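# Architecture at a glance
Here are the chains, one letter per residue:
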Amino acid sequence: MKRTIFSLFCLFLALQLALSQSISWNQRYQDYFDQYKDVAVEQMLKYHIPASITLAQGVLESGAGRSELATRANNHFGIKCNGWTGRKSYHDDDERNECFRAYDNVYESYKDHSIFLTTSKRYSSLFQLKLTDYKGWAKGLKACGYATSPTYATKLIEIIQLYKLYQYDTAKGYDKFQTQQVKNGDLRHIYAFNMNYYLIARKGDTFRSIAKEVDVSYRKLAKYNERNKNDKLEEGEIVWLKKKRSKAPKDYKGRAHYVKAGESMYSISQRYGIRLKKLYKTNNLPPDYQIRVGEAIRLR
């Protein structure tokens, strides 16, 4: 009887420990997925590795990009040297001062992770699984020896389910602006708004210099922003990376922008990502109309 009670007590403690170690939602993980989801989808379409698995491994192995290995060597997947001829970084892991691969940017780490899995015979069986079988991939990675932690597969699955990363496993395309940004080593932040993307101009920026960063023709970039391709950009200006929309997002229905000192119809159109001609039309205004401080400008 005492043995039975003791066994049940041990089982209870084990269950409590398992629950206490389960994955809980946090903003750092979500920010990581928002930043690298397009790179993961790009790699999936090229190498047939589920984007959910790549993202879950990346966030777990790198501590959401904040581990020493990630910050010093851009290594987000904990891949050790083993035949590596590139840059190296040394860190304590299973043993002291182990050799890990080092990359110039995070994009190289994601790409090498794909190559590492696809070229190793150890993981060849995984590629017989469907892209949507993230559970099979997670268990397979653990079985093939990717990590020594006995809960590795469970953690990957929990992360994928909690953050709904499986939604990316059926993606047919990805946003090249986000992947280009990672390739450039995260030179600057790209913001999303009104089904479009924009960045904030820095001192000395031109349409040519920004175009090189985002891999878009500088003529197109100027056209998207309704400007001359040779115009000078002021520090702090919004620069849209795709053609602006005809109106503001749906949640702006019934709302208006009240004109502040120094604003123009153009600056308002840039702020909300609306084509200037469409903004005039929405407000039934002629193109030579001079707006006044305090005037309400409809956005939809």
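First things first, this report covers the structure right here in the doc. (Residues numbered from 1 in each chain as written. Predicted model: local features only at pLDDT ≥ 70, side-chain atom pairs only at ≥ 80, totals over all residues. Heavy atoms only, no water.)

Moving on, we come to the pairing of strand β2 (residues 98-101). Residues E98 and F100 line one face of β2 and the alternating positions C99 and R101 line the opposite face, and both faces are buried. For strand β1 (residues 88-91) and β2, the ladder comprises four bridges, and the chain directions are antiparallel. Along β2, the bridge assignment pairs S89 with F100. (Buried < 20%, exposed > 50% of the residue type's maximum accessible area, 1.4 Å probe, protein only. Helix = DSSP H or I, 4+ residues; strand = E, 2+ residues; numbered from the N terminus. Pairing = 2+ DSSP bridges.)

Looking now at the pairing of strand β4 (residues 196-200). The buried fraction of β4 is high, at four of five residues. Across three bridges, strand β3 (residues 191-193) lies against β4 in antiparallel orientation. The partner of Y191 across the bridge, within β4, is Y198. In textbook terms, the turn of a hairpin is the stretch between consecutive antiparallel strands, and for β3 and β4 this stretch comprises two residues, one of which, N194, has a positive phi near 55°. Sheet analysis places β4 next to strand β5 (residues 238-240), joined by three bridges and oriented antiparallel.

A contiguous patch of positive charge, built from K176, K220, K223 and K243, is present on the exposed surface. Along the chain, K223 turns up in helix α10 (residues 218-224). (Patch = residues over 30% accessible without salt bridge, like charges linked within 9 Å, V, L, I, M, F, W, Y side chains within 5 Å. Areas by Shrake-Rupley, 256 points an atom, 1.4 Å probe, with all protein chains shown as cover. Salt bridge = Lys/Arg side-chain N within 4 Å of Asp/Glu carboxyl O. Lys, Arg positive; Asp, Glu negative; His and termini not counted. Charge placed at Lys NZ, Arg CZ, Asp CG, Glu CD.)

It is worth spelling out the sheet that holds β3 at this point. The strand order across the open sheet built from three strands is β3-β4-β5, with neighbouring strands paired in antiparallel fashion. What marks the edges here is a single partner per strand, and that holds for β3 and β5. Taking each pair of neighbouring strands and ignoring which way they run, the sheet shows an average axis angle of 40°. (Axes fitted to C-alpha atoms, helices over the stretch in contact; angles between N-to-C directions.)

With that settled, consider the packing of aromatic side chains. Evaluated as defined, the whole model comprises 19 aromatic pairs. Ring centres of Y32 and F33 lie 6.1 Å apart, and the angle between their planes is 85°; on these two criteria the pair is classed as edge-to-face. Grouping residues by exposure puts Y32 and F33 together as buried. Through pairs of rings, three or more aromatic residues link up here, namely W25, Y29, Y32, F33, Y36, F77, Y110 and Y163. Above the ring of Y218, the side-chain terminus of R208 is found at 4.0 Å from the ring centroid. In this structure, R255 is placed above the aromatic ring of Y252, and the distance from its NZ or CZ to the ring centre is 4.2 Å. (Phe/Tyr/Trp six-rings, centres within 6.5 Å; stacked < 30°, edge-to-face > 60°. Lys NZ or Arg CZ within 6 Å of the ring centre and 35° of its normal.)

Moving on to the environment of D94. Within the secondary structure layout, D94 lies in the loop between β1 and β2. Sequence-wise, D94 and Y29 are 65 residues apart; in three dimensions their C-alpha atoms are separated by 25 Å. Every residue in contact with D94, bar those within four places of it in the chain, is listed here: K80 and T148. (Contact = heavy atoms within 4.5 Å.)

Take it as geometry only, folks, not as evidence of what the structure does.
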